[in-house]
Structure formats: structure tokens, C-alpha cells
Amino acid sequence: MSALALAPSLEDEVLPGTAAFYRRALQELSDAGVPFLVGGAFAHACFTGIRRSTKDLDLFIRREHYERVDSLMRAQGWRTELAFPHWLAKVYAGEDFIDLIFNSGNGVTPVDDEWFEGNAQAQVLGVPVLIANIEDSLLSKAFIMERERFDGADIAHLVQANAEQLDWPRLVRRFGPHWRVLLAHLTLFGFVYPGERHRVPRWVMDTLLGRLAQETGEAPAEDPRVCAGTLLSREQYLHDIERLGYVDGRLTPLSTMTPGDVESWTEAIPARQEEAEALADAAVAAAPEGPVPLPVPARPRGRGFRPQ
């Protein structure tokens, strides 16, 4: 278990009724011995001291444990939903909800055994829990570059608060073929904190820049007609896929997503849902009088951001 010094997690930032729901869920999972990790705003507060109100509780679990977690949550009288089978389920108590995360929305960072190695323990709403490692938090946040949400500031704050405690070899290894994304964030860190650039180990930057120099001097080894931008934003690169004929990076070995996963995740984009609802309303208005059609339930919108 990590000996990393942590700041207090969130408490007053959560409404009492919501906190009671979260606390009970955490205790139920702990008592049942189901492996899980707390992430999101609760973990971010522990690592950075940044305290902000949050609309949900993020719990990272292995995909093979979902059915057990689902059963435990339903036994408490809560409603559950496998919102997006490739990465996200939800637990509802009224309007409050918990996100059960077993991958990233882009299918790049499945929750594997390594997520559960060397985790720090924290008190979250009075319950002793393990929290997701900084390195995996960085990895999962690094790909969130939606128009309405960019997690680059979270990454800069995580590095600023923990540079000397980070397992840099592990971080570089975890990014694997996506090392350019890590390089981009570390470059921005040097821009955001110009007086603290030295806190990123020199060997890390040399390694990543060396890879960049080598790639720049070589012809692409594979067909370059791939747009990996969809790994960063589920919406902003659809033009490239739908109009320009690029291969969707999510449908390459870079991701675990299937065509069905991509379709359902794309349909859940808020702007597309609003467009579909507007078209449906227009069709109803133009239709001859007759029986009122049954409403079509809206698809869940995921976490409202994730490209991921």
C-alpha cells in the first residue's frame, strides 16, 4: 500500500443526502470484499488539495466484477444501468448516482490488475477505501479533450502537487503507444509552471523527445489514413471519419471498442440527441392528425464529456 501523504477528501462539498448514499454504497462494497478504487473529484482532492463540488462518485472496478456489484447495489433498492457496456455503468438513488467505470470511453484504458497495485488508502465520507493511483488517474484524464471539457488542468495540478512522488517509469510505460499524449501534457506543464519545468525528470522528456525525433525522421510504417482524434474527443473528429474518409482510431488495435460501441457512444453526444429530438418533434408536427405516438426514451448521455 502506498505511503503517499494525502490531503483530506471531499466532505462538506457533498449534500448530506447524497453523501449518505455514497457512504452506504462504499460500505456495502467494502463489506462484500469487492475490489474497487475511488477516483474522480474525491481522489483528486486527496492528491492535490483542490476541493470542488461533484455530481457523482467515480468507482473503478474490473469488468468481470460488474455483475456482482450490480447485484449488491440492486439489493439495496437502487436502480442500476449498464449505460455503455464497453466502459460505464450507473447506480441511481433518486437523482443521485454513482459511476462504475471499467474502461475509458474511448476503450484505451481498461481497468486491469495493475490499477490495483500500491494504492493509497484514504477516508472518503468516513469509509476507509483505496483510491486510484496518480499514474492511472493521469492516464485516464489525459485523453479527455472534448470541446466542453478538457482535463489538462487536472493533469497539470496532479504533476505540480506530486512530481517527486510520481512513478515516472510506470507512467511512461502505461501510456505505451500513446506517448505523444503524455508528451503534450508535460510540455503544457512547462508552459503553465515555467519555474517548475525541472520537476519533470530530464530523462522522461529526453525519452519522449527522442521518440519524437526518431518518428519525425522516418516514413510512417503503416497506412497513415487513420484519425486517432476520436480517442481524444468523441465529437470533434467525426467530420474526419464521416466526411473525409479517415479510419476511426477507435476501430483499430489502439482501442477495445466495437462498431456497436462507437455507434451508441456517438448517439449519446448531447448535440446529436438534441438534433434527433428536434427532428422527431418536427416530424410529429408535420404528421396528419391521429394517435399520438409513444415517446422514444432518450439514450443516456454518459458522463456528459467523455471521449472517452
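Residues numbered from 1 in each chain as written. Predicted model: local features only at pLDDT ≥ 70, side-chain atom pairs only at ≥ 80, totals over all residues. Heavy atoms only, no water.

Here the focus is the layout of surface pockets. Approximately 980 Å³ is the volume attributed to the largest pocket. Pro-177, Glu-215, Glu-222, Ala-228 and Leu-254 are the residues nearest the centre of the largest pocket, which is lined by 26 residues in total. Looking at the lining of the largest pocket, the elements that each hand over two or more residues are helix H7 (179-192), helix H8 (202-216) and strand S8 (226-227). Of the residues that constitute the lining of the largest pocket, the class distribution is 16 nonpolar, four polar and six charged. (1 Å grid on protein atoms, 1.4 Å probe; cavity = no way out; pocket = protein on both sides within 12 Å on 5 of 7 lines; lining within 4 Å. Points joined across faces, edges and corners; volume = space filled by probe spheres on them. Helix = DSSP H or I, 4+ residues; strand = E, 2+ residues; numbered from the N terminus. Nonpolar A, V, L, I, M, F, W, Y, C, P; charged D, E, K, R; others polar.)

Attention shifts here to the sheet that holds strand S5 (residues 96-101). Across the sheet, five strands lie side by side as S1-S2-S5-S4-S3; this open sheet has mixed pairing. In this open sheet, the two strands that pair with only one neighbour each are strand S1 (37-38) and strand S3 (79-84). Where S3 lies against strand S4 (residues 88-93), four bridges are found, and the strand directions are antiparallel. Each residue of the ladder has a partner; that of Arg-79, found in S4, is Tyr-92. Taken strand by strand, helix H1 (residues 16-32) contacts S1, strand S2 (56-60), S4 and S5, and its axis lies near 35° from that of S5. (Pairing = 2+ DSSP bridges. Contact = heavy atoms within 4.5 Å. Axes fitted to C-alpha atoms, helices over the stretch in contact; angles between N-to-C directions.)

Turning our eyes to something else, we now look at a nonpolar patch on the surface. A contiguous nonpolar surface patch, about 420 Å² in accessible area, is contributed by Phe-150, Leu-188, Phe-191 and Val-192. Residue placement: Phe-191 occurs in helix H7. Judged by relative accessible area, Phe-191 falls into the exposed class, the value being 64%. (Patch = residues over 30% accessible without salt bridge, like charges linked within 9 Å, V, L, I, M, F, W, Y side chains within 5 Å. Areas by Shrake-Rupley, 256 points an atom, 1.4 Å probe, with all protein chains shown as cover. Salt bridge = Lys/Arg side-chain N within 4 Å of Asp/Glu carboxyl O. Buried < 20%, exposed > 50% of the residue type's maximum accessible area, 1.4 Å probe, protein only.)

The next point concerns the environment of Ser-140. Its location among the elements puts Ser-140 in helix H4 (residues 134-142). Linking Ser-140 and Asp-151, residues eleven residues apart in sequence, is a C-alpha distance of 9.6 Å. At a separation of 3.1 Å, a polar atom in the side chain of Ser-140 contacts the main-chain carbonyl oxygen of Ser-137. (Polar contact = N/O pair within 3.5 Å; in protein donor to acceptor, adjacent residues only side chain to side chain.)

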